[in-house]
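Structural features, examined
The chain contents come next:
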Protein chains: 2
Amino acid sequence: MALVVQKFGGSSVASADRIRRVAERIVETRKQGHDVVVVVSAMGDTTDELLDLAEQVAPAPPAREMDMLLTAGERISNALVAMAIHSLGAEARSFTGSQAGVITTGAHGKAKIIDVTPGRLRNALDEGQIVLVAGFQGVSQDTKDITTLGRGGSDTTAVALAAALEADVCEIYTDVDGVFTADPRIVSDAQRLDQVSFEEMLELAACGAKVLMLRCVEYARRYNIPIHVRSSYTDKRGTYVYGSMEDIAMEDAILTGVAHDRSEAKVTVVGLDDAPGYAAKVFRAVADAEINIDMVLQNISKVDTGKTDITFTLPKDDGPRAVAKLSSLQEEIGFSAVLYDDHIGKVSLVGAGMRSHPGVTATFCEALAQAGVNIELISTSEIRISVLCKDTELDDAVRALHKAFDLGGDEVAVVHAGTGR
Amino acid sequence: MALVVQKFGGSSVASADRIRRVAERIVETRKQGHDVVVVVSAMGDTTDELLDLAEQVAPAPPAREMDMLLTAGERISNALVAMAIHSLGAEARSFTGSQAGVITTGAHGKAKIIDVTPGRLRNALDEGQIVLVAGFQGVSQDTKDITTLGRGGSDTTAVALAAALEADVCEIYTDVDGVFTADPRIVSDAQRLDQVSFEEMLELAACGAKVLMLRCVEYARRYNIPIHVRSSYTDKRGTYVYGSMEDIAMEDAILTGVAHDRSEAKVTVVGLDDAPGYAAKVFRAVADAEINIDMVLQNISKVDTGKTDITFTLPKDDGPRAVAKLSSLQEEIGFSAVLYDDHIGKVSLVGAGMRSHPGVTATFCEALAQAGVNIELISTSEIRISVLCKDTELDDAVRALHKAFDLGGDEVAVVHAGTGR
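Nothing here was measured: the structure is a model prediction, and the numbers come from that model.

1. Focus on the overall build of chain A
For chain A, the count of helices and strands is 12 helices and 20 strands. Whereas a compact globule of 421 residues would reach a radius of gyration of roughly 22 Å, chain A reaches 23 Å, a difference of no more than 12%. Each of the three principal axes of chain A carries a C-alpha extent, and together these read 80 × 50 × 35 Å. Relative to its full complement of 421 residues, chain A shows a buried share of 57%. Counting every atom, chain A has about 17,500 Å² of accessible surface; 48% of that belongs to carbon and sulfur. Taking the average location of the 41 positive side-chain charges in chain A and that of its 61 negative ones, the two points are 4 Å from each other.

Encoded structure:
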């Protein structure tokens, strides 16, 4: 008998009918003799609808009140799933994040989990209950106010509960069949991966793969909780995320997949003095605006001018702010212009096999060249190669790399309607 | 400076626009220098929509989960009102019933308030905040589960908070201008009452007046909290409910109003032995089915048969159950039939003046006779006369009594769209 944590996203519970189907799956798992803890997101577009409503009522609402508002969504869906389970003859009880013992920082809208004290959940499980926990929320350690965890919060809740309860696995149900070698909507012969190590999944998530959020994978890795990413529409096995790439023997290591990302923009500071300290001033200015930088490129300085350019990428949403901040410091730091390009794409190849197979970078660049994709910036880690290109060339880049590294197969990928969360 | 508790019903906050208007009113009160605590019901038809959703998902859901579900409604509206207040430049914070210290019994769906420990509210008020509290909910003293208080729960929350915080007044905002001498939709010259004593309001509420729920008035009377029932659409003074009728000098006492009720049905047990104990068996059977009885009539026994009939009224919703229960005991108790009539109406005249003015009962019956209304059953208290009649004759009965006792006036009653709660 195992303890299984299952997470269902908004599209999985978008209607009364889907709620009943989810309940059937949960009860089936319980009938196999396992203890079951379920984390449910808000139904369908509820969260967005509540955000809309808030916007109609007031501009710039206090973050504390926004959290009070948004957490209503998960409350509703969890209570409904508990009711559906009950109507199938099993016992279930729903809990808010606070009741479940999810303790967080006080940062409304983007709280981080500090601790999980699942005493009430343990008691309910010991009584044979199926336990439902509202995802995406917790309670602030300091103020005792309700907090929400930001994007991907429900996945994080599920993994955090799995860690606190020492679960055997955390099943993340979504509307794709698992983690793929590339986005099946771009690459028609993309394959579902059977298994991915934590480090590789971290890279894939960091590089744009949306199936699992970075923070959730980090949490799972820290506590060594296997994640089973699978479809809520079928019974097929999905992708298991577990294990360290260190455990993968060098010879067996492979290249895992291609991720892409359209969410970044590129900023270039032109004509900066090529002397110690100037790059730091640029990055400090951006950091002061609380903006995270991803890739960085410092061009070779021009011998005749002694000036150089610095290019970096950041989330598109933060682009205008970064440009404004740098522009305001133009004289103080001393550069001639700030350029902004939000029509870029980032494509990444991820795989533990990169460490032991020389020539990967060469093949990578040749594939892109043959596809007519111009590389604007390269960044690498031990198990990842990322490049920036034009966003219009991104899909071609993904397909070219997928083919060049032979990641495709015969099984046709099925993509279900709706976007998982 | 006073401490004012204000309650706004679902129709008052049914849309983003109405929420903003309510916020303006609240901020205006605060600007006058008062401490303000506000109780808000769920927006518009939210509670009914959630009930519908639950019905689609599962029949007979567990009451605990129903409470988890329904309380989402008040959470949403309170957070939105707090946001609107904030956008007007004032400080506000919303609290759930649990956070506000509303401690209740464990009876989900119909919990009773045991105690209110408003420490967090006091602190917020001391910080100059406007406090929002979700109505209709509390937390169970024993299980720490969230509970809902049943119909009229938000009014009760407001009065309970007013009592615990020793407020100067509890303002109940609704979509009528106050308490009227009769339902303005039936009696065109019904007048708004300036003031009503607690006891008279209790009778009116018990006899069908829907503007305030019985339990809320009982609570106010026990803790001597004046209730100001007024319109959320205007600034006009409404009706003050306060004071004991004992304080009303005999000569000044008047007849206050006419209430009507279509929610009851009539059950007659025919051919019961007219001997000690048999009536008790009938009432015990109905009580065992957890059904409350209102009016009772035992007919004179027939001399030749030694049998008698017992008639009583009860809520329509409970009618079928009562009939089934009694029918199942027909042989055991010994009667010839159970008759059921759910086309009855109840009309009541209420007023402290009844005590000191002989002839009220006579005028009452004459007025109904002249209106062609047949009296099926009479029941009285010190300040109330109620009769049962056919439901088709009810409106005529209300108008006849209102006229006979000269309760009308010149001011035209205005009824606003929507049903207050």
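And the narrative resumes.
2. Regarding the nonpolar core
One finds Leu80, Ile85 and Ile130 of chain A together with Leu80, Ile85 and Ile130 of chain B to be the most contacted residues of the largest nonpolar core, which totals 74 residues. When sequence neighbours within four positions are dropped, the list of residues in contact with leucine 80 of chain A reads Ile19 and Met43 of chain A together with Leu53, Ala54, Val57 and Leu69 of chain B.

3. Some remarks on helix 5 (residues 153-164) of chain A
Helical geometry: 3.6 residues make up each α-helical turn, so side chains three or four residues apart lie on a common side. Residue and element names in this part refer to chain A. The first and last C-alpha atoms of helix 5 sit 16 Å apart over 12 residues, in line with the 16 Å expected at 1.5 Å per residue. For helix 5, the buried fraction is high: 11 of the 12 residues fall into the buried class. Listing the buried residues of helix 5 in full gives Gly153, Ser154, Asp155, Thr156, Thr157, Ala158, Val159, Ala160, Leu161, Ala162 and Ala163.

4. Points about a negative patch on the surface
A grouping of Asp45, Asp48, Glu49, Asp52 and Glu55 of chain A is seen on the molecular surface, where their side chains present a negatively charged patch. Mapped onto the secondary structure, aspartate 52 of chain A falls in helix 2 (residues 46-57).

5. Quick look at the environment of aspartate 189 of chain B
All names here are of chain B. You can see aspartate 189 is positioned in the loop between strand 9 (169-174) and strand 10 (195-196). Between the C-alpha atom of aspartate 189 and that of leucine 314, which follows or precedes it by 125 residues, the distance is 31 Å. Apart from residues no more than four positions distant in its own chain, aspartate 189 is found in contact with His402, Gly408 and Gly409.

6. Observations concerning the UniProt feature "domain: ACT" (unreviewed entry) in chain A
According to UniProt, the feature "domain: ACT" (unreviewed entry) maps to residues 267-352 of chain A in the numbering used here. The straight-line gap between the two end C-alpha atoms of residues 267-352 of chain A is 31 Å; of that span, 30% is helix and 36% is strand.

7. A short note on the packing of helix 2 (residues 46-57) of chain B against helix 3 (residues 63-87) of chain B
Think of two packed helices as two axes; the pair is described by the angle between the axes and how far apart they sit. Residue and element names in this part refer to chain B. Between helix 2 and helix 3, the shortest axis-to-axis distance is 9 Å and the interhelical angle comes to 150 degrees. Put simply, helix 2 runs roughly antiparallel to helix 3. Taken as a pair, helix 2 and helix 3 cross one another with a handedness that is right-handed. Each of Thr46, Thr47, Leu50, Leu51 and Ala54 in helix 2 lies in contact with helix 3, whose residues at this interface are Met66, Leu69, Leu70, Gly73 and Glu74.

8. Side note on helix 9 (residues 319-328) of chain B
Residue and element names in this part refer to chain B. By the burial criterion, the buried members of helix 9 are Gly319, Ala322 and Leu326. Burial along helix 9 is one-sided: seen end-on, the buried residues are contained in an arc of 65 degrees. Helix 9 presents Pro320 and Ser328 as exposed residues on the side facing more than 90 degrees away from its buried surface.

9. Some details on the relation of the copies chain A and chain B
In screw terms, the move from chain A to chain B is a rotation of 179 degrees and a rise of 0.1 Å along the axis, fitting with an RMSD of 0.1 Å. Considering both components of the superposition, the chain copies are consistent with a two-fold axis. Rotation axis and chain A: the residue whose C-alpha lies nearest the axis is alanine 72 of chain A, separated from it by 2.4 Å. Take the interface residues of chain A: 100% of them recur as interface residues in chain B, which is what a same-surface contact looks like.

10. A look at unusual backbone geometry
All names here are of chain A. Look at phenylalanine 136: it is not a glycine, yet its phi comes out positive at around 75 degrees. Mapped onto the secondary structure, phenylalanine 136 falls in the loop between strand 6 (130-134) and strand 7 (137-140). The phi torsion at glutamate 166 lies on the positive side, around 55 degrees, for a residue other than glycine. Mapping glutamate 166 onto the fold places it in the loop between helix 5 and strand 9 (169-174). Accessibility expressed as a relative area gives 67% for glutamate 166, which makes it exposed.

11. What to know about the sheet that holds strand 6 of chain A
Residues and elements named next belong to chain A. Taking strand neighbours across the sheet as the criterion, the eight strands line up as 3-6-2-1-9-11-12-10 in an open arrangement whose pairing is mixed. Edge positions in the open sheet fall to strand 3 (92-95) and strand 10 (195-196), since each of these has one partner strand only. One ladder, built from four bridges, connects strand 2 (residues 35-40) with strand 6; its direction is parallel. Residue valine 40 lies in a different strand from strand 6, and its bridge partner there is alanine 134.

12. Structural notes on the packing of helix 5 (residues 153-164) of chain B against helix 7 (residues 214-223) of chain B
Residues and elements named next belong to chain B. At their nearest, the axes of helix 5 and helix 7 sit 8 Å apart, and the two run at 10 degrees to each other. One way to sum up the angle between helix 5 and helix 7 is to call them roughly parallel. Touching Gly153, Asp155, Thr156, Val159, Ala160 and Ala163 of helix 5 are Arg215, Cys216, Tyr219, Ala220 and Tyr223, all from helix 7. Its residues assigned to classes, the contact of helix 5 with helix 7 shows seven nonpolar, two polar and two charged.

13. Points about the sheet that holds strand 8 (residues 146-148) of chain B
Residues and elements named next belong to chain B. Sheet architecture is open: four strands sit in the order 5-4-7-8, paired in mixed fashion. Looking at which strands have only one partner, the edges of the open sheet turn out to be strand 5 (113-116) and strand 8. Pairs of neighbouring strands in the sheet enclose a mean axial angle of 45 degrees, with direction left out of account. The pairing of strand 4 (residues 102-104) with strand 7 (residues 137-140) spans two bridges and is classified as parallel. Each residue of the ladder has a partner; that of threonine 104, found in strand 7, is serine 140. Sheet strands in contact with helix 5 are strand 5 and strand 7, and its direction is about 40 degrees off that of strand 5.

14. As for the side chain of threonine 256 of chain A
Residue and element names in this part refer to chain A. Tracing the chain through its elements places threonine 256 in the loop between strand 12 (239-241) and strand 13 (257-261). Of the polar contacts made by the side chain of threonine 256, one reaches the side chain of glutamate 200; its length is 2.6 Å. If near-sequence neighbours (up to four positions away) are discounted, threonine 256 is found in contact with Thr181, Leu193, Val196, Glu200, Leu204, Val350, Gly351 and Leu407.

15. Overview of the packing of aromatic side chains
In the structure shown here, the tally under the stated rule is seven aromatic pairs over all chains. The ring of tyrosine 219 of chain A has arginine 222 of chain A sitting right over it, with the charged end atom 5.2 Å from the ring centre. When the ring centre of tyrosine 233 of chain B is taken as origin, the NZ or CZ atom of arginine 18 of chain B, which lies over that ring, is 4.5 Å away.

16. Describing the environment of threonine 311 of chain A
All names here are of chain A. With respect to the helices and strands, the residue threonine 311 is situated in strand 16 (residues 307-315). Given a relative accessible area of 7%, threonine 311 falls into the buried group. Discounting residues that sit within four places of it in the chain, threonine 311 has contacts with Lys266, Val267, Thr268, Met295, Val296, Leu297, Asn299 and Leu377.

Definitions and cut-offs
Residues numbered from 1 in each chain as written. Chains lettered and ligands numbered in written order. Predicted model: local features only at pLDDT ≥ 70, side-chain atom pairs only at ≥ 80, totals over all residues. Heavy atoms only, no water. Helix = DSSP H or I, 4+ residues; strand = E, 2+ residues; numbered from the N terminus. Rg over C-alpha atoms; globule rule 2.2 N^0.38 Å. Buried < 20%, exposed > 50% of the residue type's maximum accessible area, 1.4 Å probe, protein only. Areas by Shrake-Rupley, 256 points an atom, 1.4 Å probe, with all protein chains shown as cover. Lys, Arg positive; Asp, Glu negative; His and termini not counted. Charge placed at Lys NZ, Arg CZ, Asp CG, Glu CD. Core = buried A, V, L, I, M, F, W, Y, C linked by side-chain atoms within 4.5 Å. Contact = heavy atoms within 4.5 Å. Expected span 1.5 Å × (residues − 1). Patch = residues over 30% accessible without salt bridge, like charges linked within 9 Å, V, L, I, M, F, W, Y side chains within 5 Å. Salt bridge = Lys/Arg side-chain N within 4 Å of Asp/Glu carboxyl O. UniProt positions renumbered as here; feature names shortened; annotations may be inferred. Axes fitted to C-alpha atoms, helices over the stretch in contact; angles between N-to-C directions. Parallel < 35°, antiparallel > 145°, perpendicular 65-115°, else oblique. Left-handed = near helix turned anticlockwise from the far one by under 90°. Arc of directions from axis to C-beta. Least-squares fit on C-alpha atoms with pLDDT ≥ 70 in both. Pairing = 2+ DSSP bridges. Nonpolar A, V, L, I, M, F, W, Y, C, P; charged D, E, K, R; others polar. Polar contact = N/O pair within 3.5 Å; in protein donor to acceptor, adjacent residues only side chain to side chain. Phe/Tyr/Trp six-rings, centres within 6.5 Å; stacked < 30°, edge-to-face > 60°. Lys NZ or Arg CZ within 6 Å of the ring centre and 35° of its normal.

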